[in-house]
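Working through the structure, step by step
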Amino acid sequence: MRRKIIMHVGPTNSGKTHMALRALAAAQSGLYAGPLRLLAHEIWERLNKGQIVPLGMSPEEEAEPDTSINSDIVQETGARPTLRKQGNTKYIRQCNLRTGEEFRVVSDSASLLSCTVEMAALDTQLDVAVVDEIQMIADPARGSAWTMAVLGIAARELHLCGEEAAVPVVEQILKHTGDELVVNRYERLTPLVVQSESLRGDLSRIQKGDCLVTFSRNNIFALKKRVEESTGLLCAVAYGKLPPEIRSEQAALFNDPKSGYDVIVASDAIGMGLNLKIKRVVFEVLNKFDGYVERSLSVSQIKQIAGRAGRYGLHGDPGGFVTTLHPEDLPRLKSALSSPPEALIYAIIDPTESWMEDIAQILHPESSIQALFEVPSYVSKVRPPFRAALPSKLEDMVKFIDLRARDMLLADKLMLKNCPTSWRDPSARDILTQITRLYKREVQVDLDAVLAVAPLMKTLEGVEKRMSKGVVPAPQELTNALRVLEDMHKTLVLYLWLGFRNYMAFHQTEEAHALKGRVESALDWCLRQVSGQHDGEALQKAKEEKAAGELEYHQKRRTKDTKDAEVRKGVIFAEVVAAARRASERDV
């Protein structure tokens, strides 16, 4: 099919996603594909509640604009917003949700789907599709999903939203597809001003509406404490290891003028997927430890983080400001923000499972997993603008798979390769070691056995007991509980991810979903106690309103083809287990 590709490109806070979402709401069939499950969830929720006015329909009067959405939209004024705070039944579009961990079905006949990019449907003809953050097409770890979306989504009208830097590589790709390309460019809706001086290292100069940016979890909590002590202002927090649901809650606290949280201390997690009413961004440093060495932030990273300041319509005075904590960093900040965007020159392609199987047949039987993962990037005949993916942090990953999963099927090894875990984190590796051990020995992986590796349940139950009694833990106990709960949440997300791909083995997904909700409540409570804040009437009311607005849905685990494949795999497993038992009996 000859598709119409519409690119919406511009800097952060330019409203580049606005018209694409309205086009999706007006479509007979379509999908939204975003980089984060948080973004997929909010589009799913807003379509089902009728908060997005479809293109071509007139917005109703006497409505408030939606200022909480995390997508890059136009923040509207007046009484006829096209993205509304309250839904209207005439704008409701039934939409299902599909992420790496779950498939929420509002209706079996829903013609819209909101998903993470990796879960985008490539086998269905659609009227409209929206792919967000298109510049991630060059990301070494996940870029292949965006490449496949651009090449494979069968939509008559495909909207690609993101940074200007992605335009050249998309143009190169589409030379080979025969699709029509239209590029809509957007300017920032409010000015971004680099202040003439830094804070000179003085945290007492932090003000209401500031976001203090640093790049380690320990620094975030240390700076939070120092800012609160020196200014009297309470600080919300946002960082990568914090679950997206809790990051969103912390963002809501910062955005609410009545919450008492006037500052947010955050990592680069604010660069994507969080709507924050930031007046000024203050960089504590312009370097980040990448797991191996300390590296300078790229121009693109600096621009994306700095651009979060001054979201249109969220402050009395238009515009946002950016500066540094220390004077020596300010010239570099000014240079980065004045630099033109660096054009992306390639799109990542990940080898398919069948491709990897072919390579495995060629390699020596004793070859390492590292050789298997590295060979495709060297031997593949990939034409520009494409580049074969080479997994990042390969050393830690292959060491684990060679040691713990060498005797597993190739499909299972590839599943481990792609699973959401931190290969350099010892506690994460302990969890994955237990999972692979149970998977190989028992086939079915019980959730309780996975959680027994660390004091996860004990910590959760201890926090819940204190929550019920209103007893605040000592500071060090609170810090330890936060770390354990973060690890537990990651473990549950991993189990759900695996269960979505092999439900027969990881069969306790309902229990994992329930536990995940409990952990999120405990994490939210712990973070409030760090600042000495307790649940007041306003917070309780907000929780009740959120619960009342929850959409009804059911979980869909598998399609018929996937179910048939799992049955076949189950038969193979059963035969393997039976053969092992017979061999064991003979040995006895």
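This is a predicted model, so every value here is computed, not measured. (Residues numbered from 1 in each chain as written. Predicted model: local features only at pLDDT ≥ 70, side-chain atom pairs only at ≥ 80, totals over all residues. Heavy atoms only, no water.)

**Some remarks on the sheet that holds strand E8 (residues 180-185)**
Backbone hydrogen bonds hold the strands of a sheet together, and the pairing may be parallel or antiparallel. Stated precisely, the cut-off is as follows: Strand pairing is assigned whenever DSSP identifies at least 2 bridges connecting the two strands. Helix and strand assignments come from DSSP, with helices taken as H or I runs of at least 4 residues and strands as E runs of at least 2, each series counted from the N terminus.
Here nine strands make up an open sheet; going across it, the order is E8-E1-E7-E6-E2-E5-E3-E4-E19 and the pairing mixed. Among the strands making up the open sheet, the edge pair consists of E8 and strand E19 (554-555). Pairing geometry for strand E3 (residues 95-98) and strand E4 (residues 103-105), over two bridges, is antiparallel. Note on E4: the bridge partner recorded for Arg98 is Phe103.

**A look at the state of the cysteines**
Applicable threshold: Cysteine sulfur atoms are paired as a disulfide whenever they come within 2.5 Å of each other. Only protein chains enter the accessibility calculation, which uses a 1.4 Å probe; a residue whose area is less than 20% of its type maximum is buried, one above 50% is exposed, and one in between is partly exposed.
All chains considered together, the criterion is met by zero disulfides. Summary of cysteine pairing: Cys115 is not part of a disulfide, and the nearest cysteine sulfur, belonging to Cys95, is at 8.8 Å. Cys115 sits in the buried class, given a relative accessible area of 0%. In this structure Cys526 is not part of a disulfide, and its nearest cysteine sulfur, from Cys235, lies 18 Å away.

**A few points about the packing of aromatic side chains**
Any two aromatic rings considered together are summarised by their centre-to-centre distance and by the angle between their planes. Selection criterion: Planes of paired rings set the category: under 30 degrees apart is stacked, over 60 is edge-to-face and the rest tilted, where pairs are Phe, Tyr or Trp rings (Trp by its six-membered ring) whose centres lie within 6.5 Å. Our definition puts a charge over a ring when NZ of Lys or CZ of Arg is within 6 Å of the ring centre and also within 35 degrees of the ring normal.
As enumerated under the stated definition, the model contains five aromatic pairs in all. A ring pair is formed by Trp44 and Tyr553, whose centres lie 5.9 Å apart and whose planes are at 80 degrees; its orientation type is edge-to-face. One end of the pair, Trp44, is in helix H2 (residues 37-49); the other, Tyr553, is in the loop between helix H18 (537-548) and E19, and 509 residues separate them in sequence. Assessed through its relative accessible area of 34%, Tyr553 is described here as partly exposed. Seen in terms of ring centroids, Tyr495 and Phe506 are 5.6 Å apart; in terms of plane orientation they differ by 80 degrees. Their pairing is edge-to-face. Of this pair, Tyr495 sits in helix H16 (residues 475-501) while Phe506 sits in the loop between H16 and helix H17 (509-530), and the two are eleven residues apart along the sequence. Across the pair, exposure class does not vary: Tyr495 and Phe506 are buried alike. A network of ring pairs unites the aromatic residues Tyr439, Tyr495 and Phe506 as a single cluster. One cation-aromatic arrangement involves Arg501 over Trp497; the distance from NZ or CZ to the ring centre is 3.7 Å.

**Observations concerning the pattern of salt bridges**
Filter applied, for reference: By salt bridge we mean one thing: a side-chain nitrogen of Lys or Arg within 4 Å of a carboxyl oxygen of Asp or Glu.
Under the criterion given, the structure shown has 31 salt bridges. One salt bridge in this structure joins Asp407 and Lys440, with 3.4 Å as the shortest N-O distance. One end of the pair, Asp407, is in the loop between helix H11 (394-404) and helix H12 (410-418); the other, Lys440, is in helix H13 (residues 426-442), and 33 residues separate them in sequence. For Lys440, a relative accessible area of 39% gives the class partly exposed. A salt bridge links Arg466 to Glu477, with the nearest nitrogen and oxygen atoms 3.1 Å apart. One end of the pair, Arg466, is in helix H15 (residues 456-469); the other, Glu477, is in helix H16, and eleven residues separate them in sequence. By relative accessible area, which is 37% here, Glu477 ends up partly exposed. Because the salt bridges share partners, they merge into one network encompassing Arg37, Glu101, Glu245, Lys516 and Glu520.

**Here's the deal with the packing of H16 against H17**
Which entries qualify depends on this criterion: Between N-to-C directions, angles span 0 to 180 degrees; the directions come from axes that are lines fitted to C-alpha atoms, helices contributing only their stretch in contact. In this scheme, roughly parallel covers angles under 35 degrees and roughly antiparallel covers those over 145, while 65 to 115 is roughly perpendicular and the rest are oblique. If you view the pair so one helix is near and one far, a crossing is left-handed when the near helix is turned anticlockwise from the far one by less than a right angle, and right-handed when it is turned clockwise. Polar here means any residue other than Ala, Val, Leu, Ile, Met, Phe, Trp, Tyr, Cys and Pro, which are nonpolar, and Asp, Glu, Lys and Arg, which are charged; Gly is therefore polar.
At a minimum axis distance of 9 Å, the contact between H16 and H17 shows a crossing angle of 155 degrees. The pairing of H16 with H17 is recorded here as roughly antiparallel in orientation. Two packed elements cross with a definite hand, and for H16 against H17 that hand is left-handed. Of the residues assigned to the contact of H16 with H17, the class counts are 16 nonpolar, five polar and three charged.

**Some remarks on unusual backbone geometry**
The residue after Pro384, namely Pro385, is reached through a cis peptide bond having omega 10 degrees. Of note in this structure, Arg200 is not a glycine but carries a positive phi near 55 degrees.

**Some words on the pairing of strand E11 (residues 234-238)**
Counting buried residues in E11 gives five out of five residues, a clear majority hidden from the surface. Residue alternation in E11 divides its side chains into two sets, Leu234, Ala236 and Ala238 and Cys235 and Val237, and both sets are buried.

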